[in-house]
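# Close look at the chain arrangement
Letter by letter, the chains look like this.
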Amino acid sequence: MASALVSAESIAATIESFTSLDQSGDRVAMNDLARRLGKEQPALLQAAARIRAEHGDAVGEAAVFYATLVWAMFDRACGDRLPRLLPQNIEDAQKIIDAELGPLADAPLGERVAPGVKDRQPHLVAKLVELIAEDVKENAIPEATAAIIFPPTQMAVEAFDAAVSGRRPGQTIKPVVREEPKIGRNDPCPCGSGKKYKRCHGSGAEA
């Protein structure tokens, strides 16, 4: 299996980038990031949209932010190796998180961490616990909102971890690289006829 561990360095760089983006108020860059997420990870956004539909805009926005943050951390760490999550990836990850968090329902919020996810992504999970605690302390989000969005945030971690490691592969989204160079219409036909490609096997009417 490929390593899916997101390093502390990747996490710190992602947080720094998000902080800089937020402080700059660069709406163009923010919109570009949102468009890229929508194009590359539609199933992840759909999962966040369901939270919005069930709990309202404020909770939905917090869910989208944390889902985006998790994606950005994996994206920085994995680059072209990061697959597109499919609905089945989301569903499978959710089942695992629900099962692991079940016994922790009455624990303090910061301790409601799925053990498997914590073992596989210790740096990332530790940072999420820290960030959510800060948001609650600074009244950026109510604790009730944090309690709603923390499980699906862990679901995103589980889904990406499984997809990158190959435990539950997602869909490859890196560009397909040609093994052979593209033949121009005016290039000699590779069949050796001496004709231009467009007059030979590129005409669509070759004998």
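What comes next is a walk through the structure.

Attention now moves to the packing of helix α3 (residues 42–55) against helix α4 (residues 57–78). With their axes 7 Å apart at the nearest point, α3 and α4 run at an angle of 160° to one another. When the interaxial angle is binned, α3 and α4 end up roughly antiparallel. Once α3 is placed against α4, the crossing between them reads as right-handed. From α3, L44, L45, A48, I51, R52 and H55 reach across to α4, where they touch D57, V59, G60, E61, A63, V64, A67 and W71. Its residues placed into classes, the contact of α3 with α4 shows nine nonpolar, two polar and three charged.

Looking now at helix α1 (residues 8–24). Between the first and last C-alpha of α1 there are 24 Å, a value that for 17 residues agrees with the 24 Å anticipated at 1.5 Å per step. All of the buried residues along α1 are S10, I11, T14 and F18. The buried side chains of α1 occupy one side of the element, clustering within an arc of 100° when seen end-on. Opposite the buried face of α1, by more than 90 degrees, sit the exposed residues E9, E16 and Q23. In this structure, the buried side of α1 is in contact with α2 (27–40), α4 and α7 (122–137). At the C-terminal side of α1, G25 shows a positive phi close to 65°.

In contact at an axis separation of 5 Å, α2 and α3 are set at 105° when each is read in the N-to-C sense. One finds that α2 runs roughly perpendicular with respect to α3. Contacts from L37, G38, K39 and E40 in α2 reach P42, L44 and L45 in α3. By residue class, the composition of the contact of α2 with α3 is four nonpolar, one polar and two charged.

Criteria and cut-off values
- All residue numbers refer to positions counted from 1 along the written sequence of the respective chain.
- Two thresholds apply to this predicted model, a pLDDT of at least 70 for residue-level local features and 80 or more for giving and counting side-chain atom pairs, whereas whole-chain, interface and lining totals are computed over all residues.
- Where side-chain values are given, they derive from all heavy atoms of the structure, hydrogens and water being excluded.
- Axes here mean lines fitted to C-alpha atoms, for a helix over just the part in contact, with angles spanning 0 to 180 degrees between N-to-C directions.
- The secondary structure listing takes helices from DSSP runs of H or I that are at least 4 residues long and strands from runs of E that are at least 2 residues long, numbered from the N terminus.
- An angle below 35 degrees is read as roughly parallel, one above 145 as roughly antiparallel, one from 65 to 115 as roughly perpendicular, and any other as oblique.
- Left-handed is the label given to a crossing in which the near helix is rotated counterclockwise from the far helix by less than a right angle, and right-handed is the label when the rotation is clockwise.
- Here a residue-residue contact requires only that any non-hydrogen atoms of the pair lie within 4.5 Å.
- Following the grouping adopted for this structure description, the nonpolar residues are Ala, Val, Leu, Ile, Met, Phe, Trp, Tyr, Cys and Pro, the charged ones are Asp, Glu, Lys and Arg, and the polar ones are all others, Gly among them.
- A helix's residues, less one, multiplied by 1.5 Å, set its expected span.
- Working definition: with a 1.4 Å probe on protein chains only, accessible area under 20% of the residue-type maximum means buried, over 50% means exposed, and in between means partly exposed.
- By definition, the arc is the one covered by directions from the helix axis to the C-beta atoms.

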